[in-house]
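# Summary of structural features
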Amino acid sequence: MRCHGDLVNCLSCGIILIGLWHFVHHRKTQTSYGRHMVVSPPARTVPARLAWFLQEMPALLIPLLLTLTPHKPSSVGKYLLLGTFCTHYFLRTFVYSLLTRGKPFPLGVMVAAGFFCSLNGFLQGHYLLHCAQFDDEWSADYRYKTGLVLFYVGMAINIHSDHILRKLRKPGEVIYKIPTGGLFEYVSGANYLGEIVEWFGFAVATWSLPALSFALFSLSFIGPRAYYHHRFYQEKFKDYPKLRKALIPFIF
Ligand SMILES: NC(=O)c1ccc[n+]([C@@H]2O[C@H](COP(=O)([O-])OP(=O)(O)OC[C@H]3O[C@@H](n4cnc5c(N)ncnc54)[C@H](OP(=O)(O)O)[C@@H]3O)[C@@H](O)[C@H]2O)c1
């Protein structure tokens, strides 16, 4: 498949705009799932495990299908970057979804998330396979190495924090408790902080507009959510740790 450069630029700008739109539109209320779910009018819901599996799957499947289309054989570094993206979505699709103890998901939110994952999976996969020009020297570049280290540090924080949250509930429970341990000692949105570090690391490692657009989208989507989670904890728990911040340790 040839590189559709204009499409790549359009989709990247589109993703940045969706992120900005979300940031502005959801200043007062967050996307309606989890603790921010609007209960009235009642929405049609899907069990959390099925919803996470279905909505995240396209971001794994589409890049994998794109590897079957003709593309120039390339450096190991390029495949490592694609593998890095797919590893995240493999874990989200097959591990996170299987383990989650979250509330059922509104159908509309699941469909929107699935659409976004399809778009983003195509954008990142097509760009890396058909457009990016990574030679072997890129694998030695400090941006590539630093970016990958950031990505995997972020991923470790994200997985560890999601694990802490999951362990707060017994099977069948839907209550909220104060998370402790790991980066939750410093911020209420430790899992979100990990995810944001991951995608900015990926943007540095690929040094590309598509990856930057997804990092900016993630920041606009889950950054405010971390703030609203923080406010929720402060309102709900009188003994909530005073020094804990929302997203950035000691700062915000
Ligand atoms: N890249 C992106 O743009 C993006 C966007 C969205 C999500 N994500 C990632 O997807 C993952 C899940 O996101 P999310 O928004 O669902 O995260 P979340 O609101 O922190 O919830 C994660 C899970 O833990 C449960 N939980 C959270 N706080 C809890 C507490 N205090 N006590 C007991 N259970 C608690 C939630 O249950 P409930 O569902 O019942 O609240 C949910 O099952 C995260 O790793 C996030 O980084 C990424």
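The shown structure was predicted, so the numbers you read here are calculated from the model rather than taken from an experiment. (Residues numbered from 1 in each chain as written. Predicted model: local features only at pLDDT ≥ 70, side-chain atom pairs only at ≥ 80, totals over all residues.)

This next bit is on the overall build of the protein. For the protein, the count of helices and strands is seven helices and two strands. Computed over the C-alpha atoms, the radius of gyration of the protein is 19 Å, within 12% of the 18 Å expected from 2.2 N^0.38 for a compact globule of 252 residues. Here the C-alpha coordinates of the protein stretch approximately 55 × 40 × 35 Å along the principal axes. (Helix = DSSP H or I, 4+ residues; strand = E, 2+ residues; numbered from the N terminus. Rg over C-alpha atoms; globule rule 2.2 N^0.38 Å.)

Once that is clear, we can look at the site of the ligand. Inspection of the region around the ligand gives 21 residues, with Gly 34, Gly 102, Lys 103, Leu 165 and Glu 195 positioned closest. For the shell around the ligand, the secondary-structure elements that each account for two or more residues are helix H5 (142-167), helix H6 (190-206) and helix H7 (209-236). Residues that form the shell around the ligand fall into these classes: eight nonpolar, six polar and seven charged. (Near = placed C-beta within 6 Å. Nonpolar A, V, L, I, M, F, W, Y, C, P; charged D, E, K, R; others polar.)

So, on to the environment of Ala 48. Here Ala 48 shows up in helix H2 (residues 48-66). When the C-alpha positions of Ala 48 and Ser 97 are compared, they lie 7.4 Å apart, and in sequence the two are 49 residues distant. The contact partners of Ala 48, leaving out residues within four places of it in the chain, are Thr 100, Gly 102, Lys 103, Pro 104 and Phe 105. (Contact = placed C-beta atoms within 7 Å.)

By size, the foremost hydrophobic cluster in this structure holds 56 residues, and its most contacted members are Leu 193, Phe 202 and Ala 215. Elements represented by at least two residues in this core include exactly helix H1 (5-25), H2, helix H3 (76-99), helix H4 (107-131), H5, H6 and H7. In terms of residue count, the dominant contributor to this core is H6 (eleven residues). Excluding residues within four positions of it along the chain, Ala 215 makes contact with Trp 199, Phe 200, Phe 202 and Ala 203. (Core = buried A, V, L, I, M, F, W, Y, C linked by C-beta atoms within 7 Å. Buried ≥ 20, exposed ≤ 12 C-beta atoms within 10 Å, placed from the backbone.)

Time to look at the packing of H1 against H4. The geometry of a pair of packed helices is captured by two quantities: the angle between their axes and the separation between those axes. Between H1 and H4, the least distance of the axes is 10 Å, while the angle of their chain directions is 145°. As for how H1 packs across H4, the hand of that crossing is left-handed. Together, Gly 5, Val 8, Leu 11, Ser 12 and Ile 15 of H1 and Leu 119, Asn 120, Leu 123, His 126, Tyr 127 and Cys 131 of H4 make up the contact between the two elements. (Axes fitted to C-alpha atoms, helices over the stretch in contact; angles between N-to-C directions. Left-handed = near helix turned anticlockwise from the far one by under 90°.)

Bringing unusual backbone geometry into the picture now. The phi dihedral of Trp 207 is positive, around 45°, even though this residue is not glycine. Inspection of the secondary structure puts Trp 207 in the loop between H6 and H7. Although it is not a glycine, Phe 250 sits at a positive phi angle of roughly 70°.

Along the polypeptide, Leu 99 turns up in helix H3. Each C-alpha atom of the pair Leu 99 and His 26 lies 28 Å from the other, and the pair is 73 residues apart in sequence.

The subject of this paragraph is the UniProt feature "transmembrane region" (unreviewed entry) in the protein. Per the UniProt record, the feature "transmembrane region" (unreviewed entry) sits at residues 7-24, 80-99, 105-123 and 199-222. The distance separating the terminal C-alpha atoms of residues 7-24 is 25 Å; by composition the span is 100% helix and 0% strand. Within the segment residues 199-222, helix and strand shares are 92% and 0% respectively, and the terminal C-alpha atoms sit 12 Å apart. (UniProt positions renumbered as here; feature names shortened; annotations may be inferred.)

Right, let's get into the packing of H1 against H7. At a minimum axis distance of 8 Å, the contact between H1 and H7 shows a crossing angle of 10°. As judged from the angle between their axes, H1 and H7 are roughly parallel. Counting all contacts with H1, which are made through Val 8, Asn 9, Ser 12, Ile 15, Ile 16, Ile 18, Gly 19, Leu 20, His 22 and Phe 23, the residues of H7 involved are Leu 209, Pro 210, Ser 213, Phe 214, Leu 216, Phe 217, Ser 220, Phe 221 and Pro 224. Tallied by class, the residues present in the contact of H1 with H7 amount to 13 nonpolar, six polar and no charged. (Parallel < 35°, antiparallel > 145°, perpendicular 65-115°, else oblique.)

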